[in-house]
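Residue-level structural notes
One letter stands for each residue in the lines below.
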Amino acid sequence: MAEQQNPLEKTGRGCMLHNWVEERAVAPLDNQKTRLQILKQGHGGLLTMAQESKMETVTTLRASYVPPKGLGVRLRGIRGELLEKHIAEKIRGEVQAELNTQSPEMDYCSTTQKDFCVEGFVPLTPETTQVHDYKTDEAVTFWSENYQRVQGVTAVQNPKAPFRKSALFSTPINERLDEIDLPPDD
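We now turn to the structure provided with this report. (Residues numbered from 1 in each chain as written. Predicted model: local features only at pLDDT ≥ 70, side-chain atom pairs only at ≥ 80, totals over all residues. Heavy atoms only, no water.)

**Remarks on helix H4 (residues 78-99)**
Look at H4: 32 Å from first C-alpha to last across 22 residues, which is about the 32 Å you get at 1.5 Å a residue. With 0 of its 22 residues buried, H4 lies for the most part at the surface. (Helix = DSSP H or I, 4+ residues; strand = E, 2+ residues; numbered from the N terminus. Expected span 1.5 Å × (residues − 1). Buried < 20%, exposed > 50% of the residue type's maximum accessible area, 1.4 Å probe, protein only.)

Here is the structure:
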């Protein structure tokens, strides 16, 4: 037995279930546009049939709620208004005076010019006490001077070059031939 489809469940136009009432209501308006245009722009003429008419410039809120009008009576005295104006002008003048102060003349002198180019200074190169070769000598740094206090470093074999390559950290203790036998643990 073939299953009968309920005409209320689905329309031939692919609308959502139970939207057939709306689809039928706008069917006379859909004859001028394609289905794609209707999906993009919507149905014309649902809210108004006069599409060329201009919209109103006054909203319902502005038409209903107008701001209250003045009482027509002075709320402040003349003396108070004059005092307020005088104080405002005085404060405005003080602020303008602070903003418009002339900046002092700048002395465009660099640190090198000021500190190192002093008149009468004669640079002297000290005489060398030892012969140094920068290609072979180890650099003197904080760490080379304090290598004994550095944690996590393998034992230093050459005190003059403490940070050279060393495989002591990965060599098993029983295979170290160049070291003296360690004292037994008792």
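**Topic: the packing of aromatic side chains**
Enumeration over the complete set of coordinates arrives at 1 aromatic pair. Ring plane angle 80° and centroid distance 5.0 Å describe the contact between Phe142 and Trp143, whose orientation is recorded as edge-to-face. Per residue, the accessibility class of Phe142 equals that of Trp143, and both read exposed. (Phe/Tyr/Trp six-rings, centres within 6.5 Å; stacked < 30°, edge-to-face > 60°.)

**Remarks on the side chain of Ser144**
Tracing the backbone through its elements, the reader meets Ser144 in helix H6 (residues 142-145). Note on Ser144: relative accessible area 16%, which makes it buried. One polar contact links the side chain of Ser144 to the main-chain carbonyl oxygen of Ala139, over a distance of 3.4 Å. Separated by 2.8 Å, the side chain of Ser144 and the backbone nitrogen of Thr141 make a polar contact. Beyond its immediate chain neighbours, meaning those up to four positions away, Ser144 contacts Ala139 and Phe163. (Polar contact = N/O pair within 3.5 Å; in protein donor to acceptor, adjacent residues only side chain to side chain. Contact = heavy atoms within 4.5 Å.)

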